[in-house]
Amino acid sequence: MRPFDYQRADSRDHAGQLTAGEHAQAIAGGTNLLDLMKLQVETPQTLVDINRLGHREIEDRDDGGMWIGALATNTETAVHPRVRSDYPVLARAILAGATQQLRNRATTGGNLCQRTRCYYFTNIDQPCNKREPGSGCGAIEGIAKLHAVLGASSQCIATYPGDMAVAMSALDAQVEIAGADGGTRTVPVRDFHRLPGDTPWKDNVLEPGDLITGVTLPPPVKGRQLYRKVRERSSYAFALCSVAAIVAMDGDTIARADLAFGGLAHKPWHDPEVGQVLIGQKPGADLFNRAADVLLRDARGYGENDFKIPLARRTLAAVLAEATGVEL
Amino acid sequence: MSSENRVTINGEAHPLPDDPRVSLLDMLRHNLGLTGTKKGCDHGQCGACTVMVNGVRINSCLTLAVMHDGDEVTTIEGLGTAEEPSALQQAFVDHDAYQCGYCTPGQICSATAMLEEIANGWPSDASENLDGTMKPSAEEIRERMSGNICRCGAYANILAAITEVASGEPA
């Protein structure tokens, strides 16, 4: 690990000042950042410990929604009684990720900001436009099993690795961000992460000095909430494909279908047109296939990850079948 | 770094290291000679470094010692001794729940915290329901212990040892 200056922030403004510097980074749980610092993928000159800022609360909101503080651990969120009862897709998504030891340290804000597990990104001897702009992308013609089939660019085909944010995307949660200028702004989780485009080094919309203070969950809605994660072993592995779903029926037709997908793109993938195919229709294999056609209309594989396209189709169908009570 | 900064390890207060790069794991092993906690991968993948901080299990390799001002850390040395082993330590011996033994301290620290999590009703990815009483079934224990790798493959005996303590009956 490269030497760095360790600073403990004692207020939000203090943290904003400290992290606004060019080579400064905030540390909360540190489970991803310290891993990357050991690999010298991340080489901050100043590490700003934000663990004493509060922002750990998980609370009810007046409108019936919930507030999840940025420093609440993944465990605290997943085991919270109201998260379990009203937002089970979120509890399930968190429990499907990492290990208990990691979830006990990982935080809401850090989890949103976790970086890709692309093998070229984490190996400083390999080209990677995300880590070293202009050095090329090793994955496009290389080892690409974990990589994106939706929304990738000629610069980067990395995936966002998390589960929690996929559920938050399906729930249409909102990220609250405190800026270095003292103001706050709210960004939907669906717009928080970016597609790589020509600037793959920017994972999300945060600017220097920005700090996530928490995430707001909207009031709970009626319907089945499911999180299905497909991976290479049954525990402690990243998603090849995951689906977060909130699906409600009205009689024998689908009334609501809020869907988000993990493991397919540089961000949790939410495409409102997929839900529109389903709403007002009777569930069944043909309908689920039409929804998958829309989801995957621009999908492109890179050899090793070609399997993700049919896998996403089947995972979507399986989740919709379970949510609507249809036998496939 | 102020000399006021202290971390309590197995009931004893220690000053935090001067170099902020020192992980909690390296502080335990190199600075304090508490070598029961093991360094396997040093990247949070194997669980050999598992300790409890304020009663919660974490990977000590993925946290900086300087971040633990005021925290209470329990390592394998704090759970029992050769003369008075904890129930899990004794069960691991009785069930031969290791071969080389390198992952064992992490397995036992992890399992100690895991039994508390089950008692607290925390669900896991293997739980059918998110609410209600959590049962220490084989499926649950396997899922909840997935952060602790045993490269000798002593999993069957590890499961038997934990099951015996969890159920209170010989497995």
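This structure is a prediction, so every number in the text was calculated from the model and none was measured.

Enquirer: What am I meant to see in the interface of chain B and chain A here?
Expert: In many analyses, interface size is given as the accessible surface area lost on bringing the parts together. Each side of the interface is counted separately: chain B has 39 residues, and chain A has 37 residues. When the two sides are added together, the surface that chain B and chain A hide from each other amounts to roughly 3,200 Å², 54% of it contributed by carbon and sulfur. When the area that chain B buries against chain A is broken down by residue, the three leading residues are Leu62, Met67 and Leu130 of chain B, summing to 22%. Here Asp131 of chain B makes a salt bridge to Arg84 of chain A, at a shortest N to O gap of 3.9 Å. Connecting chain B to chain A are 21 residue pairs in polar contact (both at pLDDT 80 or more). Elements with a minimum of two residues in the side of chain B that touches chain A: β4 (56–59) and α3 (104–119) of chain B. It is β4 of chain B that provides the largest number of residues to the side of chain B that touches chain A, a total of four residues.

Enquirer: Help me understand the pairing of strand β8 (residues 211–217) of chain A in this model?
Expert: Every other side chain in a regular strand lies on the same face of the sheet, so the side chains alternate between the two faces. Residue and element names in this part refer to chain A. Counting buried positions along β8 gives six out of seven residues, so the element sits mostly inside the fold. Pairing of strand β5 (residues 66–69) with β8, which is carried by four bridges, proceeds in the antiparallel orientation. Bridge pairing links Trp67 to Thr216 in β8. Summarising the sheet, strand β6 (residues 174–178) and β8 pair through five bridges and their orientation is antiparallel.

Enquirer: How should I be thinking about unusual backbone geometry in this particular structure?
Expert: Keep in mind that most residues, glycine aside, have a negative phi and that most peptide bonds are trans. With a phi angle near 60°, Gln40 of chain A is a residue other than glycine that sits in the positive phi range. With respect to the element layout, Gln40 of chain A can be found in the loop between α2 (33–38) and β3 (46–49). With a phi angle near 55°, Asp96 of chain B is a residue other than glycine that sits in the positive phi range. Counting through the fold element by element, Asp96 of chain B comes out in the loop between α2 (87–94) and α3.

Enquirer: What is the right way to read the pattern of salt bridges from this model?
Expert: Note that side chains of opposite charge can pair when their charged atoms are close. Under the defined criterion, the tally for this structure stands at 28 salt bridges over all chains. Put simply, Arg115 of chain A and Asp203 of chain A hold a salt bridge, and the shortest N to O gap is 2.9 Å. Separated by 88 residues along the polypeptide, Arg115 of chain A in the loop between α7 (108–112) and α8 (164–170) and Asp203 of chain A in the loop between α9 (189–192) and β8 bring together distant segments of the chain. In this structure Arg115 of chain A comes out as buried when scored by relative accessible area, which is 16%. Across the pair Asp293 of chain A and Arg313 of chain A runs a salt bridge, and its minimum N-O distance is 2.7 Å. With Asp293 of chain A in helix α11 (residues 285–295) and Arg313 of chain A in helix α12 (residues 308–324), this residue pair connects regions lying 20 residues apart in the sequence. When salt bridges that share partners are traced, they join Lys38 of chain A together with Asp26, Lys39 and Asp42 of chain B into one network.

Enquirer: How do you make sense of helix α5 (residues 88–95) of chain A when you look at a structure like this?
Expert: Taking burial as the measure, the eight residues of α5 of chain A include eight buried ones, the bulk of the element. Among all positions in α5 of chain A, only Pro88, Val89, Leu90, Ala91, Arg92, Ala93, Ile94 and Leu95 of chain A are buried.

Enquirer: Looking at this structure, how should I read the domain arrangement of chain B?
Expert: Residues and elements named next belong to chain B. When its domains are assigned, chain B resolves into domain 1 (6–78) and domain 2 (87–167). Domain 1 and domain 2 are separated by 21 Å when their C-alpha centres are compared. Counting residues at the interface gives 14 residues for domain 1, matched by 16 residues for domain 2. Interface of domain 1 and domain 2: buried area, both sides summed, is about 1,300 Å²; carbon and sulfur atoms make up 58% of it. For the interface between domain 1 and domain 2, the tally reads one salt bridge.

Enquirer: Just checking my understanding: could you explain the nonpolar core for this structure?
Expert: One recurring pattern in soluble globular proteins is that nonpolar side chains are buried together. Residues and elements named next belong to chain A. Formed by 39 residues in total, the largest nonpolar core has its most connected members in Leu90, Leu112, Met168, Phe192, Ile212 and Leu217. Sorting the residues of this core by element identifies β5, α5, α8, β6, α9, β8 and β10 (241–250) as the ones contributing at least two each. Counting residues in hydrophobic clusters, the runner-up holds 34 residues, among them Leu146, Leu150, Leu296 and Ala321.

Enquirer: Honestly, the state of the cysteines in this entry has me stumped. Any pointers?
Expert: Here, disulfide denotes a covalent bond that connects the sulfur atoms of two cysteines. All told, the structure shown has zero disulfides over all chains when counted by the stated rule. Looking at Cys156 of chain A, it has no disulfide partner, and the nearest cysteine sulfur is the one in Cys137 of chain A, 6.0 Å off. Residue Cys156 of chain A is classed as buried on the basis of its relative accessible area, which comes to 4%. Cysteine Cys49 of chain B is unpaired, with the sulfur of Cys61 of chain B as its nearest cysteine sulfur at 3.8 Å. Look at Cys49 of chain B and you get buried, because its relative accessible area is 3%.

Enquirer: Would you mind going over the side chain of Thr107 of chain A with me for this structure?
Expert: Residue and element names in this part refer to chain A. Structurally, Thr107 is set in the loop between α6 (100–103) and α7. A relative accessible area of 4% places Thr107 in the buried class. Engagement of the side chain of Thr107 in a polar contact is seen with the backbone nitrogen of Gly110, the distance being 3.1 Å. Once residues within four sequence positions are removed from consideration, Thr107 is found in contact with Ala28, Gly29, Ala70, Leu71, Ala72, Thr73 and Asn74.

What counts, and where the lines are drawn
Residues numbered from 1 in each chain as written. Chains lettered and ligands numbered in written order. Predicted model: local features only at pLDDT ≥ 70, side-chain atom pairs only at ≥ 80, totals over all residues. Heavy atoms only, no water. Contact = heavy atoms within 4.5 Å. Buried area = accessible area lost by both parts, 1.4 Å probe. Salt bridge = Lys/Arg side-chain N within 4 Å of Asp/Glu carboxyl O. Polar contact = N/O pair within 3.5 Å; in protein donor to acceptor, adjacent residues only side chain to side chain. Helix = DSSP H or I, 4+ residues; strand = E, 2+ residues; numbered from the N terminus. Buried < 20%, exposed > 50% of the residue type's maximum accessible area, 1.4 Å probe, protein only. Pairing = 2+ DSSP bridges. Domains from an automatic or database assignment. Core = buried A, V, L, I, M, F, W, Y, C linked by side-chain atoms within 4.5 Å. Disulfide = S-S within 2.5 Å.

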